[in-house]
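Structural overview
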Amino acid sequence: MSIDRKAAIAGYKERKTVAGIYVVRCAASGEAWVGQASNLETIQNRIWFSLRQGSHTCRRLQTAWNMHGEAGLTLGECERLKDEASDYVRNALLKERMLHWLSELKAEPI
């Protein structure tokens with residue numbers, strides 16, 4: 001294994017993840033779904049993958065995907081959380097902020 005590859009792997013493992021709240025919107029129906037993620041950078045890939053497979057756990061979101069396709073849905077960030085030393089504190093804050101955004105956007109939870 002080359003030194004460059006080892007450095008790249010080490011850099012990947014050391015990268016910081018950003019937790020936060022996101023919203024998926026359907027332009028055609030006006031529906032919105034809010035979720036929380038421990039890594040906002042990768043959440044869209046995870047959601048889109050399950051929607052493509054037809055296996056997303058949120059049936060209304062899956063129905064919107066089936067009707068309007070990938071082009072009909074958008075994913076955006078509502079809020080990024082600051083680094084928390086404790087996973088417990090981060091998870092509690094994620095739950096609290098998700099409830100806020102559900103109410104604010106009149107959305108369904110994912």
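Residues numbered from 1 in each chain as written. Predicted model: local features only at pLDDT ≥ 70, side-chain atom pairs only at ≥ 80, totals over all residues. Heavy atoms only, no water.

1. Quick word on the overall build of the chain
Counting its secondary structure elements, the chain contains four helices and four strands. If you list the helices and strands of the chain from N to C, you get α-β-β-α-α-β-α-β. If you line up the chain on its principal axes, its C-alpha atoms span 50 × 30 × 20 Å. Relative to its full complement of 110 residues, the chain shows a buried share of 31%. Long-range contacts, defined here as pairs at least 24 residues apart, represent 58% of the contacts in the chain between residues at least 6 apart. Of the roughly 7300 Å² that the chain leaves accessible, carbon and sulfur atoms contribute 51%. Seen as two clouds, the 16 positive and the 13 negative side-chain charges of the chain have centres 4 Å apart. (Helix = DSSP H or I, 4+ residues; strand = E, 2+ residues; numbered from the N terminus. Buried < 20%, exposed > 50% of the residue type's maximum accessible area, 1.4 Å probe, protein only. Contact = heavy atoms within 4.5 Å. Areas by Shrake-Rupley, 256 points an atom, 1.4 Å probe, with all protein chains shown as cover. Lys, Arg positive; Asp, Glu negative; His and termini not counted. Charge placed at Lys NZ, Arg CZ, Asp CG, Glu CD.)

2. Details of the layout of surface pockets
A probe as big as a water molecule, rolled over the atoms, marks out the empty space that is left. What the largest pocket holds in volume is close to 160 Å³. Lining the largest pocket are K16, T17, V18, A19, S38, L81, K82, D83, E84, D87 and R90. (1 Å grid on protein atoms, 1.4 Å probe; cavity = no way out; pocket = protein on both sides within 12 Å on 5 of 7 lines; lining within 4 Å. Points joined across faces, edges and corners; volume = space filled by probe spheres on them.)

Shape is all these values report; function is a separate question.
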